[in-house]
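# Overview (structure and organization)
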Amino acid sequence: MVAKERDDLAASVAALTTKTTTAAAALAQAESRASSAPSPADLEAARQSLVDTRQQLATANQELTALREKSAAANEIEPRLRQLEAENATLTTRLSTSSTLQETADRSARAQAESEEKLAAAQRAQAQLSQDRAALEARVTELTTRLTAATAPREPTRPTTVAAPASTSTRSLPATSPVTSPPPTPRVHTVATGETLTGIARRYYGNAARWTDIYAANRDLLRNESQLTVGLILRIP
């Protein structure tokens, strides 16, 4: 834009220069005609032409001065404009670099979030696998115990001996009532953090497979064998 204005000013200066040259030639011609003064009419015409030419010349000089001032101002603005253009190019480059860095940071954040989600899913799967494995081991132990008990040899049945009838002369002894022992105090266990039925069975019976006995005795408290609530009081049969 500054270059265009400068070109326009240069064209205006050239036009004014031509106009000034023309006015100077007309002025010289009018002065020549006035000096010869062939007649009063020619003298008046030469004088009027001289006045008009001088006025045109003064106007041209004023316009030339104004154009020179505009040209000087344009020359002062041009270096600043070039500096601003250079700063704008630098800022554009920095903005492009910042955009690239932001995109890289966004991709890294998304990749990290995906990795954390995959890790959490793997941990959940591992915990479920461990729980299923413990339940399977307990089931295998239970079936092994039952199989061992079913295949163990039984003791032979002893023959029943018939007692001889008592002599009529023998005095009958008074009947004695059987001695009854007090019922055993039921055992209970309060569930702590991280405990399972297999671990509780191993603690009280020494056999993890007997978790089914504890589960059967507490069916009214347990929805399934893998969900134990901390603080729950279980009956230990």
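Attention in this report is confined to the structure presented alongside it.

Quick notes on the rules
Each chain has its residues counted from 1, following the order in which its sequence is written. Under the rules for a predicted model, residues below a pLDDT of 70 receive no local features and side-chain atom pairs below 80 are neither given nor counted, while totals for whole chains, interfaces and linings still include all residues. Excluded from the side-chain calculation are hydrogens and water; included are all heavy atoms of the structure. Only DSSP runs of H or I with at least four residues qualify as helices, and only runs of E with at least two residues qualify as strands; both kinds are numbered from the N terminus onward. We call a residue buried when its accessible area falls under 20% of the maximum for its residue type, exposed when it is over 50%, and partly exposed in between, using a 1.4 Å probe and counting protein chains only. For the purposes of these results, a polar contact is taken to be a pair of N or O atoms within 3.5 Å, where, inside protein, one atom must be able to donate a hydrogen and its partner to accept one; residues adjacent in sequence count only when each atom of the pair is a side-chain atom. Any two residues whose heavy atoms approach within 4.5 Å at even a single point are treated as in contact. Salt bridges are counted wherever a side-chain nitrogen of Lys or Arg sits within 4 Å of a carboxyl oxygen of Asp or Glu. Within this scheme, the nonpolar core is defined by two criteria: the residues are buried Ala, Val, Leu, Ile, Met, Phe, Trp, Tyr or Cys, and they are joined through side-chain atoms within 4.5 Å. Here a pair means two rings of Phe, Tyr or Trp (six-membered ring of Trp) with centres within 6.5 Å. Their orientation is stacked below 30 degrees between planes, edge-to-face above 60, and tilted elsewhere. Placement of a positive charge over a ring is assigned whenever Lys NZ or Arg CZ falls within 6 Å of the ring centre and within 35 degrees of the normal to the ring plane.

### Here's the deal with the side chain of His189
Note on placement: His189 falls in strand β1 (residues 187–190). On the accessibility criterion, His189 (5% relative accessible area) is buried. A polar atom in the side chain of His189 sits 2.9 Å from the side chain of Tyr204. In contact with His189, other than residues within four places in its own chain, are Glu195, Ile200, Arg203, Tyr204, Leu232, Ile233, Leu234 and Ile236.

### Concerning the environment of Asn61
Relative to the helices and strands, Asn61 resides in helix α2 (residues 40–151). Distance from Asn61 to Lys19, taken between C-alpha atoms, is 9.8 Å for residues 42 residues apart in sequence.

### Regarding the pattern of salt bridges
Pairing between side chains of opposite charge can happen when their charged atoms approach one another. Applying the stated criterion across every chain, the model contains 2 salt bridges. Among the ionic pairs, Arg210 bridges to Asp213, the shortest N-O distance being 2.9 Å. With a relative accessible area of 33%, Arg210 lands in the partly exposed category. By relative accessible area, Asp213 is classed as partly exposed at 32%.

### Brief notes about the nonpolar core
One finds Leu197, Ile214, Leu222 and Leu234 to be the most contacted residues of the largest nonpolar core, which totals 13 residues. Mapped onto this core, the elements with two or more residues apiece are α3 (197–205), α4 (211–217) and β2 (233–236). At 4 residues, the largest contribution of residues to this core is made by α3. Among all residues touching Leu234, those that are not within four sequence positions of it are Arg187, Val188, His189, Val191, Leu197, Ile200, Ile214, Asn218 and Leu222. In this structure, Leu9, Leu16, Ala60 and Leu67 belong to the second largest nonpolar core, which totals 5 residues.

### Notes on the packing of aromatic side chains
Counted by the stated rule, this structure contains 1 aromatic pair. Between Trp211 and Tyr215, the aromatic rings sit 6.3 Å apart at their centres with planes inclined by 45°, giving tilted as the arrangement. Here Tyr215 and Trp211 lie together in helix α4, a separation of 4 residues that amounts to about one turn. Under the relative-accessibility criterion, Trp211 is labelled buried at 11%. Just above the ring of Tyr205 sits the side chain of Arg210; from NZ or CZ to the centre is 3.8 Å.

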